[in-house]
Amino acid sequence: MTQVDFLTWQISIQQRIESALDACLPPTTCHPTRLHQAMRYVTLEGGKRVRPLLCHAAGEIFSAPLVALDQMSCAVEIIHVYSLVHDDLPAMDNDVLRRGKPTCHVKYDEATALLVGDALQSLAFHVAAQPLASVPAETQVAMLGLLANAAGSRGMAGGQAIDLESTGKSLEIVELEFMHLQKTGQLIQAATLLGAHVGGANAQQVQNLVRFANRIGLLFQVVDDILDAEASTEVLGKTAGKDAASNKPTYLTLLGAKQAHALAAQLCEEAHNALLPFGDAAVRLHQLTDYIVARKS
Ligand code: GRG
């Protein structure tokens, strides 16, 4: 079967996700209108949609139904958006720019930003819990558990807690790795595995994808650290140089730029190798791996 090129595929998934997210979110006319406006403001028209792309790419290995992949992709993306809104709050990263727009608490106010995050997290589980015709109910319950763990204190929220505690401190490389595997890696892994479960992946296939996602999670973060130091605010759509300004330990501060680039190249190779058991079926995951390394924002 001839396949469209990566860019065409990427844009088509991004468009599917934009309309699926639009359909998930309450309309702005629905009371309380300001909260719903703010939820739509932070979720729609922005972001690279990396997690939905991973979910679709993993699901495509098993020819999973696209509508079911849209549903689980939206759930993960909505959790991700909630985390960005809370991360930007003055009590956390205190940032004014996200996805090229004023952050939620700047555009609205802090209380609204807190509620937007809370409401988005609930919405994500509501979306993920909608019946999926192609997935056995017990598998879907396990998928909900997987998503909850990835977002919780032993996943993203826990990683964020470690991040806040480590500001101004120097971490060992293994500690930095652990923090990122929790903060960024767990949700990236959940996106990949949810796609695979929608497609009915078996235990061995899931294990192979865990290995892949683990490398991709770290790779994503190493590249994020490099971009924070080397790219401009304009291109990033968020404040550049934030890590150094807030005295955060990063791959760059621990390893230096040259070794951070070398680590990215190594993680990229390991991610590709983890996909070898899937042969050509994993083409989109291979392409996404290269995209994550080459991304400019
Ligand atoms: C507040 C519970 C809680 C967690 C926050 C996501 C996060 C955890 C913090 C964001 C800060 C940060 C730089 C995290 C590391 C990498 C990351 C998740 C970057 C943002 O994700 P992208 O690049 O963003 O996929 P877009 O906007 O493209 O979706």
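Scroll up to find the structure.
Report on the accompanying structure. In this text the structure is predicted, and so the values were computed from the model without any measurement. (Residues numbered from 1 in each chain as written. Predicted model: local features only at pLDDT ≥ 70, side-chain atom pairs only at ≥ 80, totals over all residues. Heavy atoms only, no water.)

Time to look at the packing of aromatic side chains. Evaluation of the coordinates by the stated rule reveals 4 aromatic pairs. Taking the centre distance of 6.0 Å and the plane angle of 45 degrees together, the rings of Phe-6 and Tyr-291 count as tilted. One end of the pair, Phe-6, is in helix H1 (residues 6-24); the other, Tyr-291, is in helix H15 (residues 283-294), with 285 residues separating them in the sequence. The class of Tyr-291 is buried, set by a relative accessible area of 18%. Taking 5.8 Å as the distance between ring centres and 70 degrees as the angle between the ring planes, the aromatic pair formed by Tyr-41 and Tyr-108 counts as edge-to-face. Taken together, the positions of Tyr-41 in helix H2 (residues 33-43) and Tyr-108 in the loop between helix H5 (104-107) and helix H6 (110-128) put the pair 67 residues apart, joining distant regions of the chain. Judged by relative accessible area, Tyr-41 falls into the buried class, the value being 14%. Residue classification places Tyr-108 among the buried residues on the basis of a relative accessible area of 17%. Here a set of aromatic residues connected by ring pairs shows up, and it is made of Phe-6, Trp-9 and Tyr-291. Above the face of the Phe-220 ring, Arg-51 is positioned so that its terminal group lies 5.3 Å from the ring centre. (Phe/Tyr/Trp six-rings, centres within 6.5 Å; stacked < 30°, edge-to-face > 60°. Helix = DSSP H or I, 4+ residues; strand = E, 2+ residues; numbered from the N terminus. Buried < 20%, exposed > 50% of the residue type's maximum accessible area, 1.4 Å probe, protein only. Lys NZ or Arg CZ within 6 Å of the ring centre and 35° of its normal.)

Applying the stated rule across the entire model yields 15 salt bridges. Arg-99 is paired through a salt bridge with Glu-77; the nearest N and O atoms lie 3.0 Å apart. In this pair, Arg-99 sits in the loop between strand E1 (97-98) and strand E2 (101-102) while Glu-77 sits in helix H4 (residues 66-87), placing the two residues 22 residues apart along the sequence. With a relative accessible area of 1%, Glu-77 lands in the buried category. Between Glu-270 and Arg-215 there is a salt bridge, with the nearest N and O atoms lying 2.6 Å from each other. Note that Glu-270 is positioned in helix H14 (residues 257-274) and Arg-215 in helix H10 (residues 203-230), a separation of 55 residues in sequence. Taken together, the salt bridges that share partners define one network made up of Glu-18, Arg-49, Glu-77 and Arg-99. (Salt bridge = Lys/Arg side-chain N within 4 Å of Asp/Glu carboxyl O.)

Right, let's talk about the nonpolar core for a bit. Ranked by size, the top nonpolar core spans 92 residues in total, and within it Leu-54, Val-116, Leu-120, Leu-209, Phe-212, Leu-285 and Leu-288 carry the most contacts. Setting aside anything within four residues of it in sequence, one finds Leu-288 in contact with Phe-6, Trp-9, Leu-53, Leu-54 and Ala-57. (Core = buried A, V, L, I, M, F, W, Y, C linked by side-chain atoms within 4.5 Å. Contact = heavy atoms within 4.5 Å.)

In the contact formed by helix H9 (residues 173-198) and H10, the axes pass within 8 Å of each other and the chain directions differ by 135 degrees. When the interaxial angle is binned, H9 and H10 end up oblique. Our pair here, H9 against H10, has a crossing hand that is right-handed. Taken together, the residues of H10 that come into contact with H9 (itself represented by Glu-177, His-180, Leu-181, Thr-184, Gly-185, Ile-188, Gln-189, Thr-192, Leu-193, Ala-196 and His-197) are Val-206, Leu-209, Val-210, Phe-212, Ala-213, Asn-214, Ile-216, Gly-217, Leu-218, Phe-220, Gln-221 and Asp-225. Its residues placed into classes, the contact of H9 with H10 shows 12 nonpolar, 9 polar and 2 charged. (Axes fitted to C-alpha atoms, helices over the stretch in contact; angles between N-to-C directions. Parallel < 35°, antiparallel > 145°, perpendicular 65-115°, else oblique. Left-handed = near helix turned anticlockwise from the far one by under 90°. Nonpolar A, V, L, I, M, F, W, Y, C, P; charged D, E, K, R; others polar.)

Our next topic: the site of the ligand. With respect to spatial proximity, 19 residues lie near the ligand, and among them Lys-48, Arg-51, His-80, Ser-83 and Arg-99 are the closest. Within the contact set of the ligand, an oxygen atom lies 2.6 Å away from a side-chain nitrogen or oxygen of Lys-48. Here an oxygen atom of the ligand and a side-chain polar atom of Arg-99 are 2.7 Å apart. Coverage of the ligand by the protein amounts to 92% of the 700 Å² it exposes when considered alone. (Near = heavy atom within 4 Å. Polar contact = N/O pair within 3.5 Å; in protein donor to acceptor, adjacent residues only side chain to side chain. Areas by Shrake-Rupley, 256 points an atom, 1.4 Å probe, with all protein chains shown as cover.)

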